[in-house]
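Observations on the three-dimensional arrangement
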Amino acid sequence: MRSLEDFAAQKLGELDRASLHRVPVETTRLDGLWVLRNGRRLLSFCCNDYLNLTHHPVIKEAAIAALSHYGVGAGAARLVSGNHPLLAELEGRLARMKDTQGACVFGSGYLANAGIIPALIGPRDLMLIDELSHACLWAGAQLSRATVMAFRHADVAHAAELLTAHRARHARALIATDGVFSMDGDLAALPELAALAERFDAWLMTDDAHGLGVIGGGRGSAFAHGAKVDIPLQMGTLSKAIGAYGGYLCASAAVIDLIRNRARTFVYSTGLPPAMAAAALAALDLIERETAYAALPLAKARMFTQRLGLPEAVSPIVPLVIGEAEAALNASRLLEAEGFLVIAIRPPTVPTRTARLRFTFTAGHPDAEIERLADLVHRRILLG
């Protein structure tokens, strides 16, 4: 037991010295914008609740009604007795929104990626993944036991080089990427990747966690490039703009049937609670009904980048790369002292020496506060 304690203390010491030791800070979300943290009321610019739906009265009422009628949990895995009818309704709605034949809902986005990828490829196969893809895509890749190769971020030519050199030696090939990159806010080159996948008989999979609800008319990254991009595997979450919880895959009917039979994180996990399905359904209704509201997070992000003279935002996520972890922490503390919560993102979440402030914009952020934040960033951080 002593060796375990010594090991933990050594590793924690290393994190402390590198300014990488992270401790959860008790934070009460008062609504979709304001939080209570360390005894202070702060305006949050670091939450993924892009449409402020976690506190929207219609969404809450839907969840409360389902909770009251159906109870708290699903009770079992979906293939046993946890396949609540609301889940089938939700899957139908997601499939229609993504223009696919079917959908499968998981307990979370991480569970979705950890289950989908190993169900589709294995030791004889090849997987290419954008180097900045989310950790859960990497987890699924590692669990698959396929030959996994990273291509340089957003570098379609590099992906083509890898396929040219290695595709012929593998039975199947999968290309995986975020649709909207969570720490950089940029969009994957999906039309080019789709054409590349077609050329090499590979399957394209996107993680659209940060796209659904806020870009592409609310339908996500596959719809943000003009015409819809043909992506056979569209994965995403219900915990960002949707304001609820859970993950999903939208794909053909045959693929969805296979996933329900082979994805271990679906087969062996308890089903999503009915209240979360009801909340997600209400959120999808709102997004389809109020397209102008769904467009606000991107508009707010562009207001911020324009005022700072930064490249125009293409998603509600705007990074400001600082460099060293301690410098990013200091910048975050400076903003907190002025009433803004903007968390410093440090390695291993981002590459070494690219610690940053990650600003996320929501539909409800007041324009005047966005301007004040931009001016503060310019005066105190960029000019120093």
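**Remarks on the overall build of the protein**
For the protein, the count of helices and strands is 14 helices and 14 strands. Overall, the protein is about 55 × 55 × 55 Å in size when its C-alpha atoms are taken along their principal axes. Every one of the 384 residues in the protein was classed for burial, and the buried ones make up 53%. A sequence separation of at least 24 residues applies to 69% of the contacts in the protein between residues at least 6 apart. Accessible area of the protein: about 16,900 Å², with a carbon and sulfur share of 54%. Averaging the locations of the 38 positively and 38 negatively charged side chains of the protein gives two centres separated by 3 Å.

**Focus on the packing of helix α4 (residues 109–120) against helix α5 (residues 135–144)**
Helix-helix packing is characterised by the crossing angle of the two axes and by the distance between the axes. Close contact between α4 and α5 brings their axes to 7 Å; oriented N to C, the two are set at 30°. On the basis of their axis angle, the class for α4 and α5 is roughly parallel. Two packed elements cross with a definite hand, and for α4 against α5 that hand is right-handed. Across the interface between the two elements, Gly-109, Tyr-110, Asn-113, Ala-114, Ile-117 and Pro-118 of α4 pack against Ala-135, Cys-136, Leu-137, Ala-139, Gly-140, Ala-141, Leu-143 and Ser-144 of α5. A breakdown of the residues in the contact of α4 with α5 according to their chemical character gives 10 nonpolar, 4 polar and no charged.

**Remarks on the pairing of strand β10 (residues 247–251)**
Within β10, 5 of the 5 residues are buried, which leaves the element mostly enclosed by the surrounding structure. The alternating pattern of β10 places Gly-247, Leu-249 and Ala-251 and Tyr-248 and Cys-250 on opposite faces, both of which are buried. Direction of pairing for strand β4 (residues 102–106) relative to β10: antiparallel, over a ladder of 5 bridges. By the bridge assignment, Gly-102 is partnered in β10 with Ala-251. Pairing of strand β9 (residues 233–237) with β10, which is carried by 4 bridges, proceeds in the antiparallel orientation.

**A few points about the pattern of salt bridges**
When charged atoms on two side chains of opposite charge get close, those side chains can pair. According to the stated counting rule, one finds 20 salt bridges in the structure shown. Measuring nitrogen to oxygen at the nearest pair gives 3.0 Å for the salt bridge that ties Arg-29 to Asp-49. Remark: Asp-49 occurs in the loop between β3 (40–44) and α2 (57–70) and Arg-29 occurs in strand β1 (residues 27–29); sequence separation between them is 20 residues. Asp-184 is the partner of Arg-356 in a salt bridge, and the nearest nitrogen-oxygen pair spans 3.2 Å. Remark: Asp-184 occurs in the loop between β7 (173–178) and α7 (190–199) and Arg-356 occurs in strand β14 (residues 355–360); sequence separation between them is 172 residues. On the basis of relative accessibility, which here comes to 3%, the residue Arg-356 falls in the buried class. Taking relative accessible area as the criterion, Asp-184 reaches 26% and is therefore assigned partly exposed. Three or more residues are tied together by salt bridges with common partners; here these are Arg-78, Glu-91 and Arg-260.

**Looking at the environment of Leu-383**
Tracing the backbone shows Leu-383 in the segment after α14 (367–382). Distance from Leu-383 to Phe-304, taken between C-alpha atoms, is 17 Å for residues 79 residues apart in sequence.

**A short note on the layout of surface pockets**
One number sums up the size of the second largest pocket: a volume of about 360 Å³. Pro-118, Ala-119, Leu-143, Arg-262 and Arg-264 are, among the 20 residues lining the second largest pocket, the residues nearest its centre. Those elements giving two or more residues to the lining of the second largest pocket turn out to be α4, α5, α8 (253–262) and α9 (264–267). Per-element accounting of the lining of the second largest pocket gives the leading share, 5 residues, to α4. Its residues assigned to classes, the lining of the second largest pocket shows 9 nonpolar, 5 polar and 6 charged.

**With respect to empty space enclosed by the protein**
With the rule as written, the count across this model stands at 2 cavities of 30 Å³ or more. Quantified by volume, the largest cavity comes out at close to 60 Å³. Along the walls of the largest cavity sit Arg-78, Val-105, Phe-106, Gly-107, Thr-265, Phe-266, Ser-269, Thr-270, Gly-271 and Leu-272, which together make up its complete lining. Taken together, the residues of the lining of the largest cavity break down into 4 nonpolar, 5 polar and 1 charged. Roughly 30 Å³ of volume is contained in the second largest cavity. What lines the second largest cavity is Asp-130, Phe-151, Ala-154, Val-156, Thr-177, Phe-181, Ala-188, Ala-189 and Leu-193. For the lining of the second largest cavity, a count of residues per class yields 7 nonpolar, 1 polar and 1 charged.

**Some remarks on α4**
Over its 12 residues, α4 runs 17 Å from end to end, which matches the ideal 16 Å to within 8%, given 1.5 Å per residue. When you tally the buried positions in α4, you get 9 out of 12 residues, the bulk of the element. Burial in α4 covers these residues: Gly-109, Ala-112, Asn-113, Ala-114, Gly-115, Ile-116, Ile-117, Ala-119 and Leu-120. Residue Ser-108 occupies the N-cap position of α4, its side-chain oxygen lying 3.4 Å from the main-chain nitrogen of Tyr-110.

**Comments concerning the nonpolar core**
With 39 residues, the main nonpolar core has Leu-51, Leu-90, Leu-94, Val-105, Leu-238, Ile-242 and Tyr-248 as its most contacted residues. Elements represented by at least two residues in this core include exactly α2, α3 (85–98), β4, β10 and α10 (274–289). With 11 residues, the top contributor of residues to this core is α10. Excluding residues within four positions of it along the chain, Leu-51 makes contact with Gly-213, Val-214, Ala-241, Ile-287, Tyr-293, Ala-294, Pro-297 and Ala-363. Core analysis: the second largest hydrophobic core is formed by 25 residues, Met-235, Leu-249, Ala-251 and Val-267 among them.

Rules used throughout
- Residues numbered from 1 in each chain as written.
- Predicted model: local features only at pLDDT ≥ 70, side-chain atom pairs only at ≥ 80, totals over all residues.
- Heavy atoms only, no water.
- Helix = DSSP H or I, 4+ residues; strand = E, 2+ residues; numbered from the N terminus.
- Buried < 20%, exposed > 50% of the residue type's maximum accessible area, 1.4 Å probe, protein only.
- Contact = heavy atoms within 4.5 Å.
- Areas by Shrake-Rupley, 256 points an atom, 1.4 Å probe, with all protein chains shown as cover.
- Lys, Arg positive; Asp, Glu negative; His and termini not counted.
- Charge placed at Lys NZ, Arg CZ, Asp CG, Glu CD.
- Axes fitted to C-alpha atoms, helices over the stretch in contact; angles between N-to-C directions.
- Parallel < 35°, antiparallel > 145°, perpendicular 65-115°, else oblique.
- Left-handed = near helix turned anticlockwise from the far one by under 90°.
- Nonpolar A, V, L, I, M, F, W, Y, C, P; charged D, E, K, R; others polar.
- Pairing = 2+ DSSP bridges.
- Salt bridge = Lys/Arg side-chain N within 4 Å of Asp/Glu carboxyl O.
- 1 Å grid on protein atoms, 1.4 Å probe; cavity = no way out; pocket = protein on both sides within 12 Å on 5 of 7 lines; lining within 4 Å.
- Points joined across faces, edges and corners; volume = space filled by probe spheres on them.
- Expected span 1.5 Å × (residues − 1).
- Polar contact = N/O pair within 3.5 Å; in protein donor to acceptor, adjacent residues only side chain to side chain.
- Core = buried A, V, L, I, M, F, W, Y, C linked by side-chain atoms within 4.5 Å.

Note that all results are geometric; they support no functional claim without further evidence.
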